[in-house]
Amino acid sequence: MALNDVSILWVEDDPVFRQIVATFLSGRGAQVVQAGDGEQGLIHFKQQRFDIILADLSMPKLGGLDMLKEMSKLEPLVPSIVISGNNVMADVVEALRIGACDYLVKPVADLFIIEQAIQQGLQRHQLDDISQTDLDSLSHQELSDNLTILEQSVEAAKQVQQQLFPASNISYPAAKVDYSLFKSSDISSYFIDSTMVGSDYLIMYMAHLYPEDNRAAFACVLLRSFVNQKLKSYRSGQSKTIIDPFNMLSYLNERLVKSGLDITVDIVYIAIELTRYRAAIAQAGKGLRCYLRNDEGLSPLALSDSLQLGLLDWGKPSVQFRTILPQEQLCIATNETEHKQLLLDNQFKGLAYNSHLPAGGFIQLSL
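Residues numbered from 1 in each chain as written. Predicted model: local features only at pLDDT ≥ 70, side-chain atom pairs only at ≥ 80, totals over all residues. Heavy atoms only, no water.

A. Structural detail: the overall build of the protein. Counting its secondary structure elements, the protein contains eleven helices and 17 strands. Here the protein holds 367 residues, and the buried ones make up 56% of them. Within the protein, contacts between residues separated by at least 24 positions form 68% of all contacts whose residues are at least 6 apart in sequence. (Helix = DSSP H or I, 4+ residues; strand = E, 2+ residues; numbered from the N terminus. Buried < 20%, exposed > 50% of the residue type's maximum accessible area, 1.4 Å probe, protein only. Contact = heavy atoms within 4.5 Å.)

Here is the structure:
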């Protein structure tokens, strides 16, 4: 049998679908434990060892995302696969960020797709770091399918992108991130992201995505999924690339080139060591700038221009290290005078439509 002796925790609130999948997987040789919601799933997870988790995202009592977060804290190396039936791309991306190795979309037309995803998840889990480099991207077929949809539908692209953007103010245990990005059309060609990496590091970046059309929404998903992979590698103890901006931009460039999707990116990427207030900053492209902000205003950091990410003949990013002093903030912004003034006026609005402002904006980190 293809899944002989593979122990699977299958968490799904729909009893009919849950039993159909469980019967199929058992018939393929797996040992399947079922749970009807996230709370039951977490109880089973604490009671025995599983090879892989298969989980719905939308469940009562404890949702799939919250359940996977708790499981990741207990056993970060156990792979998981999520099934999304609500078409909320933000939930899928967040699941990948907290450790899921793949996702499937309901309705699942062929149960053998689930078996294949389980086999791939187990294989990736067993690979060493070098081999994993070639496999550590989000399911390429799913991404390609999404690209086709987003290219054809402005509304679909708009909805996907809006789901990816956080609130204008994001609070972490030792830091705060505020931002404004202004768009004058349905799709923003600018993207921001930030997340804690363990308890001692925080990363944030701002990107300008090309081409500036519906594909920019897809590029947001692609970029964030690549970052998620290195976040998972850090949490599993396999790689520290995510807190090394030089190597992180090199990795992102490699993934963008291999994607074959002709997407290029201006980006400023920052990793902060929170215990020492030390920032490592890398830049690719020339459309964005990093600034130190204090009572005297904005002071640009001396980072030279470099080629955009996504180019086959790309060179190396510009890198600088800085210690952030008390009362200083670290900012990334576009070069527009209006944006810099809004930053100094603390106008943090998240993703906003404004036909009177140039596209772009800013993000600020306060420790």
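B. Quick peek at helix H10 (residues 245-259). Under the 1.5 Å per step criterion, the end-to-end length of H10 is 21 Å for 15 residues, consistent within 8% with the ideal 21 Å. Three or more residues of H10 are buried, namely Pro-245, Met-248, Leu-249, Tyr-251, Leu-252, Asn-253, Arg-255, Leu-256 and Ser-259. Two residues or fewer past H10, Gly-260 is found with a positive phi of approximately 70°. (Expected span 1.5 Å × (residues − 1).)

C. A look at helix H9 (residues 215-235). Its 21 residues place the ends of H9 30 Å apart at the C-alpha level, agreeing with the 30 Å of an ideal helix rising 1.5 Å per residue. For H9, the tally of buried residues reaches 18 of 21 residues, placing the bulk of the element in the interior. Gly-237 sits one or two residues past H9 and shows a positive phi near 80°.

D. Structural detail: the UniProt feature "modified residue: 4-aspartylphosphate" (unreviewed entry) in the protein. In this numbering, the UniProt entry assigns the feature "modified residue: 4-aspartylphosphate" (unreviewed entry) to Asp-56. In this fold, Asp-56 is placed in strand E3 (residues 52-56). Asp-56 sits in the buried class, given a relative accessible area of 3%. (UniProt positions renumbered as here; feature names shortened; annotations may be inferred.)

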